[in-house]
Amino acid sequence: MIKKAIVLFSGGLDSRLTAKLLEKQGFEIHLVFVKLPFGGGCCNDIPCIINFAQTQGYYLHIIDATKGQKFKEYLELTKNPKYGRGKALNPCKDCKIFIFKQAKKEAKKLKIEVIATGEVIGQRPMSQMKEILLFDEKKAGLQNKILRPLSAKLLPETEYEKNGLVNREKLLSLHGRQRIEQIELAKKYKIKYPTPAGGCLLCEKDYAKKVKCLFDYKNPKYEETLFLKRGRMFKNNGLIFVGRDHKENIFIEEIAKKIKWNILVDEEISGPTVVYDQKQDKKLAKKLIIAYRDKDLENREEFEKFKV
Ligand code: SF4
């Protein structure tokens, strides 16, 4: 019988190594990537993830939490996390539990017993301490069922090690933030990996402020959360976003069209595009175009009170 394992895949080096270690133990590898609304893991570059799966001959399953019921669920846990937040708005425990539950469903669907992650004890002070790792798996209904091959020897035995499906002796005891051993292993197995980028926007304080303002105002659609990454944000009757350059102008205009927000484009001079959801903000939107078209910073001061 073919042994199969799900590896919760962030795109980064640790989850790449996790897949390789299990492949070396004879497992057929199924990478599961959960696409989160506010980013997460180390790599949000889907083509890069597809490329890794293809070059290694692994199966890839992408679970999209930016749509439908999964988006609603993720939004709810971001607004009202049961288990607190990290240094900004990041609801890490609730988020991990959500991700584990997705893996659990996928494992059931694919009839795969082993679920593994690339988590390393102590790599992130808040979310990867031993007690927290064990807490997350318990709350997801996966107690002793999350294998962490990179730190396995520092953790209690999982069911898979106990029943001999996984050889514990061949697993590792990595811990901490230094990644020297991981880099050596990547060389050994000839694994290419991206430099950490993207990551979770909820950990960024400025971004978190904007998310909070959006949440206080409404229950957003996914597309509305995309404005937060681009453009200056203002709040009056509703929300207003002002593009900072040509690329942003195009981006916010495209989204606004899709979700039927109001759009103001400066036709005469190449000024910013402004999008807003409440018609009553048209006057302010016009003024913002002029203020941000001119380079005179003094003109912008009166709008500071609306700025998020
Ligand atoms: S940093 Fe926390 S909230 Fe963000 S993706 Fe990771 S676990 Fe989730």
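A. Local environment of the layout of surface pockets. By volume, the second largest pocket is sized at about 320 Å³. Asp-245, Asn-249, Ser-270, Gly-271 and Pro-272 are, among the 19 residues lining the second largest pocket, the residues nearest its centre. Of all the secondary structure elements, the ones that give two or more residues to the lining of the second largest pocket are α10 (246-259) and α11 (282-293).

B. Structural view of empty space enclosed by the protein. Tallied over the full model, the rule gives 1 cavity of 30 Å³ or more. Of the pockets and cavities examined, the largest cavity occupies roughly 80 Å³. As for the largest cavity, its lining consists of Leu-134, Glu-137, Asn-144, Ile-146, Leu-147, Arg-148, Ala-152, Leu-155, Pro-156, Glu-157, Thr-158 and Glu-161. Those elements that provide at least two residues to the lining of the largest cavity are α5 (130-139) and β5 (146-147). The residue makeup of the lining of the largest cavity, split by class, is 6 nonpolar, 2 polar and 4 charged.

C. Representation of the pairing of strand β6 (residues 232-235) within the structure. As judged from the 4 bridges shared by β6 and strand β7 (residues 239-242), these two strands associate in the antiparallel manner. Looking across to β7, one finds that Arg-232 is bridged to Val-242. Taking the residues between adjacent antiparallel strands as the criterion, β6 and β7 are bridged by 3 residues.

D. A positive patch on the surface, seen in detail. Positive charge collects at one region of the surface, where Lys-82, Lys-101, Lys-104, Lys-105, Lys-108, Lys-138, Lys-139 and Lys-145 lie side by side. When residues of the positive patch are traced back to their parent elements, those giving at least two are α4 (92-110) and α5. If you tally residues by element for the positive patch, the top one is α4, at 4 residues. A relative accessible area of 49% means that Lys-105 is categorised as partly exposed.

E. Just the site of the ligand, in detail. The local shell around the ligand consists of Leu-36, Gly-39, Gly-40, Asn-90, Pro-91, Cys-92, Cys-95, Cys-200 and Cys-203. When grouped by side-chain class, the residues that make up the shell around the ligand number 6 nonpolar, 3 polar and no charged.

F. The sheet that holds strand β3 (residues 59-64), seen in detail. Spatial strand order, β3-β2-β1-β4-β5: 5 strands in an open sheet with parallel pairing. The open sheet terminates on both sides in strands that have one partner only, identified here as β3 and β5. As paired strands, strand β1 (residues 3-8) and strand β2 (residues 27-35) are joined by 6 bridges and run parallel to one another. Bridging across to β2, Ile-6 finds its partner in His-30. Most of the contacts of helix α2 (residues 46-56) go to β2, to which it runs at about 175°, and overall it touches β2 and β3.

G. Local environment of the state of the cysteines. Evaluated as defined, the whole model comprises 0 disulfides. Left unpaired, Cys-203 is separated from the closest cysteine sulfur, that of Cys-200, by 4.2 Å. No disulfide involves Cys-213; its sulfur sits 19 Å from the nearest other cysteine sulfur, which is in Cys-200.

H. Looking closely at α2. Among all positions in α2, only Ile-49, Phe-52 and Ala-53 are buried. Within α2, the buried residues cover an arc of 95° as seen down the axis, which keeps them to one side. In α2, the exposed residues that point more than 90 degrees away from the buried face are Pro-47, Gln-54 and Thr-55. Next to the buried residues of α2 lie α1 (13-24), β2 and β3. Phi turns positive one or two residues past the end of α2, at Gly-57, with a value near 75°.

I. Summary view of the packing of α4 against α5. Where α4 contacts α5, the two axes come as close as 8 Å, and the packing angle between them is 50°. With respect to each other, α4 and α5 are oriented oblique. The two elements α4 and α5 cross, and the hand of that crossing is right-handed. Residues Lys-93, Lys-96, Ile-97, Phe-100 and Lys-101 of α4 form the contact with α5, whose own contacting residues are Ile-132, Phe-135, Asp-136, Glu-137 and Lys-139. In terms of residue class, the contact of α4 with α5 is made up of 4 nonpolar, no polar and 6 charged.

J. The pattern of salt bridges, seen in detail. This model, assessed by the stated rule, comprises 15 salt bridges. The salt bridge partner of Lys-67 is Asp-64, with a shortest N-O separation of 3.4 Å. Assessed through its relative accessible area of 56%, Lys-67 is described here as exposed. Among the ionic pairs, Glu-106 bridges to Lys-109, the shortest N-O distance being 3.6 Å. On the criterion of helical spacing, the pair formed by Glu-106 and Lys-109 is a turn pair, its members being 3 residues apart in helix α4. One salt-bridge network, in which partners are shared between bridges, spans Lys-96, Glu-119, Glu-137 and Arg-148.

The rules we used
- Residues numbered from 1 in each chain as written.
- Predicted model: local features only at pLDDT ≥ 70, side-chain atom pairs only at ≥ 80, totals over all residues.
- Heavy atoms only, no water.
- 1 Å grid on protein atoms, 1.4 Å probe; cavity = no way out; pocket = protein on both sides within 12 Å on 5 of 7 lines; lining within 4 Å.
- Points joined across faces, edges and corners; volume = space filled by probe spheres on them.
- Helix = DSSP H or I, 4+ residues; strand = E, 2+ residues; numbered from the N terminus.
- Nonpolar A, V, L, I, M, F, W, Y, C, P; charged D, E, K, R; others polar.
- Pairing = 2+ DSSP bridges.
- Patch = residues over 30% accessible without salt bridge, like charges linked within 9 Å, V, L, I, M, F, W, Y side chains within 5 Å.
- Areas by Shrake-Rupley, 256 points an atom, 1.4 Å probe, with all protein chains shown as cover.
- Salt bridge = Lys/Arg side-chain N within 4 Å of Asp/Glu carboxyl O.
- Lys, Arg positive; Asp, Glu negative; His and termini not counted.
- Charge placed at Lys NZ, Arg CZ, Asp CG, Glu CD.
- Buried < 20%, exposed > 50% of the residue type's maximum accessible area, 1.4 Å probe, protein only.
- Near = heavy atom within 4 Å.
- Contact = heavy atoms within 4.5 Å.
- Axes fitted to C-alpha atoms, helices over the stretch in contact; angles between N-to-C directions.
- Disulfide = S-S within 2.5 Å.
- Arc of directions from axis to C-beta.
- Parallel < 35°, antiparallel > 145°, perpendicular 65-115°, else oblique.
- Left-handed = near helix turned anticlockwise from the far one by under 90°.

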